[in-house]
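Each chain, letter by letter, is given below.
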Amino acid sequence: IHSALETLMLLHSDDTDGIAELIGSCSERCDALSGFITAYADVVKIPEARLLKTNLNELMQQRFTFLESVARSATGKSLHLTLNPSEKEVFAPVDAILMEQVLVNIIKNAAESIGTDGEIIIRTHSPATIEITDNGKGISKETEAKLFSPFFSTKPNGQGIGLIFIREVLMRHGCTFSLRTYADGLTKFQIVFP
């Protein structure tokens, strides 16, 4: 379809009736739909989780520098990322590759919700739990109820698949999870492993 539209555009490049503009608009829509389908296919093709007994403290420490760079590059804002691991070792069945992508998505969302000079805190504790807390703008109760619905997004150009990916991966891990803003104004994504 995109190729046919480009051919039509060449035939009507000197058109004054607005046909070239209409063709250009159709071509842009075609590109947008193509991007949407590609993103949707990526969600659908989540590989099976290969769960291995994993020390959550070590997992977080190994990924911390990377997650710090994700937080800063997500918005270019001044953000402070802190890791507070549990004092004792905490183990859970984890697919480290899939969990890393979950953490990237959560950290990016947290970073995007923060104004300037925000803070994101990653904690691990027993029973096997990861908590990611941010001091961003927060989530209303109305939005909270829709967060894990397909194609729901609070972002102007969001496709609503990031949280769906997170949900699918966490369900494959057998986790329970929640994302909400508390009375103190802090927003917390909590993941509890089986």
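Rules used throughout
- Residues numbered from 1 in each chain as written.
- Predicted model: local features only at pLDDT ≥ 70, side-chain atom pairs only at ≥ 80, totals over all residues.
- Heavy atoms only, no water.
- Helix = DSSP H or I, 4+ residues; strand = E, 2+ residues; numbered from the N terminus.
- Buried < 20%, exposed > 50% of the residue type's maximum accessible area, 1.4 Å probe, protein only.
- Contact = heavy atoms within 4.5 Å.
- Areas by Shrake-Rupley, 256 points an atom, 1.4 Å probe, with all protein chains shown as cover.
- Salt bridge = Lys/Arg side-chain N within 4 Å of Asp/Glu carboxyl O.
- Phe/Tyr/Trp six-rings, centres within 6.5 Å; stacked < 30°, edge-to-face > 60°.
- Lys NZ or Arg CZ within 6 Å of the ring centre and 35° of its normal.
- Expected span 1.5 Å × (residues − 1).
- Bend = angle between axes of the 7 residues up to and from the residue.
- Polar contact = N/O pair within 3.5 Å; in protein donor to acceptor, adjacent residues only side chain to side chain.
- Pairing = 2+ DSSP bridges.
- Axes fitted to C-alpha atoms, helices over the stretch in contact; angles between N-to-C directions.

## Considerations on the overall build of the protein
Move 1: Assigned secondary structure in the protein consists of six helices and seven strands.
Move 2: Ordering the α and β elements of the protein from the N terminus gives α-α-β-α-β-β-α-β-β-α-α-β-β.
Move 3: Relative to its 194 residues, the protein shows a buried fraction of 40%.
Move 4: Sequence-distant contacts, at least 24 apart, represent 67% of the contacts inside the protein between residues at least 6 apart.
Move 5: When the accessible surface of the protein is split by element, carbon and sulfur atoms take 55% of a total near 11200 Å².

## Structural notes on the pattern of salt bridges
Move 1: Scanning the model with the defined rule gives five salt bridges in all.
Move 2: Residue Glu 100 pairs with Arg 63 through a salt bridge whose shortest N-O separation is 2.6 Å. With Glu 100 in helix 4 (residues 96-113) and Arg 63 in helix 3 (residues 56-75), this pair connects stretches of sequence that are 37 residues apart.
Move 3: Under the relative-accessibility criterion, Arg 63 is labelled buried at 17%.
Move 4: Where Arg 167 meets Glu 168, a salt bridge forms, and the shortest distance between an N and an O atom there is 2.9 Å.
Move 5: Its relative accessible area of 22% is what places Arg 167 among the partly exposed residues.
Move 6: Owing to a relative accessible area of 24%, Glu 168 belongs among the partly exposed residues under this scheme.

## Things to note about the packing of aromatic side chains
Move 1: This model, assessed by the stated rule, comprises zero aromatic pairs.
Move 2: Over the ring of Tyr 182 we find Lys 188, and its NZ or CZ is 5.3 Å from the ring centre.

## Side note on helix 3
Residue pairs spaced three or four apart in an α-helix point in one direction, given the helix's 3.6 residues per turn.
Move 1: With 20 residues, helix 3 ought to run about 28 Å at 1.5 Å a step, and its terminal C-alpha atoms sit 27 Å apart, in line with that.
Move 2: Of all bends in helix 3, the biggest is about 50°, found at Phe 64.
Move 3: Among the residues of helix 3, Leu 56, Asn 57, Leu 59, Met 60, Arg 63, Phe 64, Leu 67, Glu 68, Val 70 and Ala 71 are the ones counted as buried.
Move 4: Its side-chain oxygen 2.9 Å from the backbone nitrogen of Asn 57, Asn 55 forms the N-cap of helix 3.

## Side note on the sheet that holds strand 2 (residues 79-84)
Move 1: Strand order in this open sheet of five strands is 2-4-5-7-6, and the pairing throughout is mixed. Strands at the two margins of the open sheet, each flanked by one partner only, are strand 2 and strand 6 (176-181). Averaged over all pairs of adjacent strands, the angle between their axes in this sheet comes to 10°, without regard to strand direction.
Move 2: Direction of pairing for strand 6 relative to strand 7 (residues 187-192): antiparallel, over a ladder of six bridges. Residue pairing in the sheet places Leu 179 in a bridge with Phe 189 of strand 7.
Move 3: Sitting on the sheet, helix 3 touches strand 2, strand 4 (118-125) and strand 5 (129-134), and the angle it makes with strand 2 is about 175°.

## Notes on the environment of Ala 49
Move 1: Here Ala 49 shows up in the loop between helix 2 (19-44) and strand 1 (52-55).
Move 2: A C-alpha to C-alpha distance of 7.9 Å links Ala 49 and Val 94, two positions 45 residues apart in sequence.
Move 3: Other than its neighbours up to four places away in sequence, Ala 49 contacts Asp 95, Leu 98, Arg 172 and His 173.

Structural measurements only, silent on function.
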